[in-house]
Number of protein chains: 2
Amino acid sequence: MPYPEEAEGFQVDGPNSFTEFHKRHFKLKPFGDYDVDVKIEACGICGSDVHTISGGWGAQKFPLCVGHEIVGRAIRVGPKVTLIKEGERVGVGAQSYSCGKCKQCRNDNETYCQVEPMDTYGSKWADSGIVSQGGYSSHVRTHEHWVFPIPDALETNAVAPMLCAGLTAYSPLVRNGAGPGKKVGIVGLGGIGHFGIMFAKALGAETWAISRSRAKEADALKLGADGYIATAEAGWEKEHLCSFDLIINCANSSEGFDLARYLSMMDVHGRWISVGLPEEEGQVIKAQNLISNGVLIGASHLGSRREMLEMLQLAADKGLKGWVEEIAISEAGLKEAMLRMKKGDVHYRFTLTGYEKIFG
Amino acid sequence: MPYPEEAEGFQVDGPNSFTEFHKRHFKLKPFGDYDVDVKIEACGICGSDVHTISGGWGAQKFPLCVGHEIVGRAIRVGPKVTLIKEGERVGVGAQSYSCGKCKQCRNDNETYCQVEPMDTYGSKWADSGIVSQGGYSSHVRTHEHWVFPIPDALETNAVAPMLCAGLTAYSPLVRNGAGPGKKVGIVGLGGIGHFGIMFAKALGAETWAISRSRAKEADALKLGADGYIATAEAGWEKEHLCSFDLIINCANSSEGFDLARYLSMMDVHGRWISVGLPEEEGQVIKAQNLISNGVLIGASHLGSRREMLEMLQLAADKGLKGWVEEIAISEAGLKEAMLRMKKGDVHYRFTLTGYEKIFG
């Protein structure tokens, strides 16, 4: 198989035409000693893709090919690569590089590297100035640390969304003690939230799904939830005052959100961790809301390589898989997916398939 | 010595006349089996006293005698009291009761009891409906759990403010890991903050004072600070990016506070804990501000009996004392103190003295 000099993928030209995808060739970064070329076979569609290309998160580097829930085959590994074997099935997530040397990188906090963090799409490679392009494309090339072997037990299309959404849910669960004897809530039953329920339960926590209506209750229970709270119902928080050790907030909007009621459900020094990045201006937090139970509020960003490998193994061991709708990659398929994502009309993640047919 | 049926103290009638104190007699709660009567010898003046009587924290039960940094003598102990001996010098802080049975009370979190929490002033005793009155008075009566023996090494007037301000600073320090190898910041060099510096250093942490100007730098260093940050200076946060394990925010206002700059100084998963209760509406917090280093934001309320005893022992062992200005208790003295508190004109705490002269 010849090594690629370029990749081919679907780019968007700007927020005003974010549903118009254009199939183009673009340059990959120069191949480095630690790099791996991945021939892509599937890619999940993440909320971040939509926020990015529709302008919700502000200015971006267009034209841009998004996608950071990538599964494919390692078709070439650099001479110094030790973590990945040529021919292996691998994944690539939302981050593609960090300095590797700073305090954060040395402590499994590479996702918080402040020196040279790189997103899988829309960041500039230091070696060439080339803007990274994501997985709605034929190939990605990146440093081995950011390429993850996929256990055989996991099916390509179902595992793809774990590479970002899954890890985003898994990391704050394990970093904040989700496990036996702990009561954990998952707010927002979307792409990230459905993994949150699955993993909280797999880790042994008493797991509660927290959603607006009861529409997703059956799904939540099937995903593993022990209980369900519908916040459209009167007095929904009353039975749970001061009882949750951890709530992962996966809602991607903070509008109309009565945070104080949610926080009243937290046990003393419980933790409320947000993983969504709403497009709104933020929430007013009063010390008064935090003081009655000493709750801690935080946010979490992706997860480490170590956590990614642990999560994939946990999924393999317990037979967990993302609930995905498959869409064949094409201009029309991507347009439809974006429009449905904007409406929240997906249960619970899209995976783009049919790469062989489009890219050869 | 005859047992008191009533106490005598200085009450305020409402927020519109919060500097006018009236010396009056008022009823103590019925004496219970676990109660201790304390004849007061000194009382610190807390910011809470001023917020409460000037209406900053909303409606209160007037007329009210405030004061919750009480030191005095245990002159009577109930038949079931085991923690306090008659004649002992003791302190009483800002809380005077909790249920003693709930999960929080059983886990050294009695300060977060949701069942029957009682403030030392302004709360209703369940046994009688009597509204608790504070330490600008001759006596208090409360459950032994909320009465603390004072080690001999500590001087009455200097230890008084430790009963609230000191504990408020100490508890979040120990609960959030302040100690050797940790970098701890104290924002706001007032009554609580000056204890924060003293205790952070005594616990072995690298301790930084964070204040607006350099006006308090010499004091901060004398209190034990290893370094000083003046936020009126350009680029004040730049040398400290991603380095603090813990910052205790003791500022009692959030106006004009650029939280994102403070948070940029936090190490990954560092903790920003507020202990002030500003009168303003709160701060807008964006998940974006929290996500770059996964910082946790929280608030802390007082501390447990166990922590109070530990703190007093630490102070005795290390020769720590509050920096106090003494003011003789009287209508005029209290008025002056309130006016100066409103202006923040105190270094760093007032202690009311001369109780014997006024109350006999």
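Remember, predicted model here, so these are calculated numbers, not experimental data. (Residues numbered from 1 in each chain as written. Chains lettered and ligands numbered in written order. Predicted model: local features only at pLDDT ≥ 70, side-chain atom pairs only at ≥ 80, totals over all residues. Heavy atoms only, no water.)

## Here's the deal with the overall build of chain A
Counting its regular elements, chain A contains eleven helices and 18 strands. Relative to the compact-globule value of 21 Å for 360 residues, chain A shows a C-alpha radius of gyration of 20 Å, a close match. By principal-axis analysis of the C-alpha atoms, chain A measures approximately 60 × 40 × 35 Å. Burial statistics for chain A: of 360 residues in total, 61% are counted as buried. (Helix = DSSP H or I, 4+ residues; strand = E, 2+ residues; numbered from the N terminus. Rg over C-alpha atoms; globule rule 2.2 N^0.38 Å. Buried < 20%, exposed > 50% of the residue type's maximum accessible area, 1.4 Å probe, protein only.)

## Some points on the relation of the copies chain B and chain A
For these two chains of identical sequence, chain B goes onto chain A by a turn of 180° and a shift of 0.0 Å along the axis, with RMSD 0.0 Å. Each copy turns onto its partner about a two-fold axis. By C-alpha distance to the rotation axis, the residue of chain B lying nearest is Val284 of chain B, at 2.0 Å. A shared binding surface is used by both copies, with 100% of the interface residues of chain B retained as interface residues in chain A. (Least-squares fit on C-alpha atoms with pLDDT ≥ 70 in both. Contact = heavy atoms within 4.5 Å.)

## Side note on the nonpolar core
Among the nonpolar cores identified, the biggest contains 92 residues, and Met162, Leu173, Phe199 and Leu312 of chain A together with Leu173, Phe199 and Leu312 of chain B are the most heavily contacted of them. If we ignore the near neighbours within four places in the chain, the residues touching Leu312 of chain B are Phe148, Pro149, Ile150, Pro151, Leu154, Val159 and Met162 of chain B. Listed in part, the 46 residues of the second largest apolar core include Val187, Ile247 and Leu259 of chain A together with Ile210 of chain B. (Core = buried A, V, L, I, M, F, W, Y, C linked by side-chain atoms within 4.5 Å.)

## As for the packing of helix H3 (residues 165–175) of chain B against helix H4 (residues 191–202) of chain B
All names here are of chain B. Between H3 and H4, whose axes approach to 8 Å, the crossing angle comes to 45°. Comparing their axes, H4 and H3 come out oblique. For the pair H3 and H4, the crossing hand works out as right-handed. On H4, the residues touching Ala165, Gly166, Thr168, Ala169, Tyr170 and Leu173 of H3 are Gly191, Ile192, Phe195, Gly196, Phe199 and Ala200. Residue classes in the contact of H3 with H4 are distributed as eight nonpolar, four polar and no charged. (Axes fitted to C-alpha atoms, helices over the stretch in contact; angles between N-to-C directions. Parallel < 35°, antiparallel > 145°, perpendicular 65-115°, else oblique. Left-handed = near helix turned anticlockwise from the far one by under 90°. Nonpolar A, V, L, I, M, F, W, Y, C, P; charged D, E, K, R; others polar.)

## As for helix H4 (residues 165–175) of chain A
Residues and elements named next belong to chain A. The buried count for H4 comes to nine of eleven residues, which makes it a mostly enclosed element. Along H4, the positions that sit buried rather than exposed are Ala165, Gly166, Leu167, Thr168, Ala169, Tyr170, Ser171, Pro172 and Leu173. Tucked into the core, H4 has its buried residues touching strand E10 (183–187), helix H5 (191–202), strand E13 (244–249), strand E14 (266–274), helix H9 (305–318) and strand E18 (349–353). One or two steps after H4, the chain reaches Gly177, where phi turns positive at roughly 80°.

## Comments concerning the domain arrangement of chain A
Residue and element names in this part refer to chain A. Along its sequence, chain A is organised into domain 1 (6–164 + 303–357) and domain 2 (165–299). Here the C-alpha centroids of domain 1 and domain 2 sit 27 Å apart. On the domain 2 side, the residues contacting the 26 residues of domain 1 number 26 residues. Both faces combined, the contact of domain 1 with domain 2 buries some 2,200 Å², and carbon together with sulfur accounts for 61% of it. Looking at the side of domain 1 facing domain 2, the largest losses of area belong to Glu307, Trp323 and Tyr348, adding up to 30% of the total buried there. At the boundary of domain 1 and domain 2, one finds one salt bridge. Between Arg175 and Glu307 there is a salt bridge, with the nearest N and O atoms lying 2.8 Å from each other. The tally of links from domain 1 across to domain 2 stands at 16 residue pairs in polar contact (both at pLDDT 80 or more). Counting residues per element, the side of domain 1 that touches domain 2 draws most heavily on H9, which supplies six residues. (Domains from an automatic or database assignment. Buried area = accessible area lost by both parts, 1.4 Å probe. Salt bridge = Lys/Arg side-chain N within 4 Å of Asp/Glu carboxyl O. Polar contact = N/O pair within 3.5 Å; in protein donor to acceptor, adjacent residues only side chain to side chain.)

## Some thoughts on unusual backbone geometry
In terms of backbone geometry, most residues other than glycine have negative phi values and most peptide bonds are trans. All names here are of chain A. A cis amide bond links Phe62 to the next residue, Pro63, at an omega of -10°. Examined against the element boundaries, Pro63 turns out to sit in the loop between helix H1 (47–53) and strand E4 (70–77). Residue Cys242 is not a glycine yet carries a positive backbone phi of 55°. For Cys242, the position within the fold is in the loop between strand E12 (227–230) and E13.

## Digging into the UniProt feature "domain: Alcohol dehydrogenase-like N-terminal" (unreviewed entry) in chain A
Under the present numbering, the feature "domain: Alcohol dehydrogenase-like N-terminal" (unreviewed entry) in UniProt falls on residues 33–152 of chain A. From the first C-alpha to the last, residues 33–152 of chain A spans 27 Å; its make-up is 9% helix and 30% strand. (UniProt positions renumbered as here; feature names shortened; annotations may be inferred.)

## Some remarks on the pattern of salt bridges
Residue and element names in this part refer to chain A. Applying the stated rule across the entire model yields 46 salt bridges over all chains. The partner of Lys80 in a salt bridge is Asp33, with the nearest N and O atoms 3.7 Å apart. Taken together, the residues span a long stretch of sequence, with Lys80 in the loop between E4 and strand E5 (89–92) and Asp33 in the loop between strand E2 (22–27) and strand E3 (35–45) at a distance of 47 residues. Relative accessible area serves as the criterion here: at 37%, Asp33 is assigned to the partly exposed category. Among the ionic contacts, a cluster of salt bridges with common partners joins Glu325, Glu336, Arg340 and Asp345.

## Regarding the environment of Gly303 of chain B
Residue and element names in this part refer to chain B. Its location among the elements puts Gly303 in the loop between strand E16 (296–299) and helix H8 (305–318). On a C-alpha basis, the gap between Gly303 and Ala42 in space is 21 Å, while along the polypeptide they are 261 residues apart. Each residue touching Gly303, except ones within four places of it in the same chain, is listed here: Thr111, Leu167 and Ser171.

## Re the sheet that holds strand E11 (residues 206–211) of chain B
The twelve strands are arranged E12(A)-E11(A)-E10(A)-E13(A)-E14(A)-E16(A)-E16(B)-E14(B)-E13(B)-E10(B)-E11(B)-E12(B) in an open sheet whose pairing can be described as mixed. Sheet topology places E12 of chain A together with strand E12 (227–230) of chain B at the edges, where each strand pairs with a single neighbour. Each neighbouring strand pair of the sheet contributes to a mean axis angle of 20°, computed without reference to strand direction. Of the strand pairs in this sheet, E13 of chain A and E14 of chain A are connected by five bridges, and their pairing is parallel. Across the sheet, residue Ile247 of chain A finds its bridge partner in E14 of chain A, namely Trp272 of chain A. (Pairing = 2+ DSSP bridges.)

## Some remarks on the interface of chain B and chain A
The interface of chain B with chain A comprises 36 residues on the first partner and 36 residues on the second. When chain B packs against chain A, close to 3,100 Å² is buried across both sides, 58% of that on carbon and sulfur atoms. When the buried area of chain B at its contact with chain A is split by residue, Ile291, Leu296 and Ala299 of chain B rank highest and sum to 18% of it. Along the contact surface separating chain B from chain A lie two salt bridges. When the shortest N-O distance is used, the salt bridge between Lys103 of chain B and Asp267 of chain A registers 2.5 Å. At the junction of chain B with chain A, the criterion picks out nine residue pairs in polar contact (both at pLDDT 80 or more). Of all the secondary-structure elements, those providing two or more residues to the side of chain B that touches chain A are strand E14 (266–274), strand E15 (283–285), helix H7 (287–291) and E16 of chain B. Here the side of chain B that touches chain A gets five residues from one element, more than from any other, and that element is E14 of chain B. Its residues placed into classes, the side of chain B that touches chain A shows 15 nonpolar, 14 polar and seven charged.

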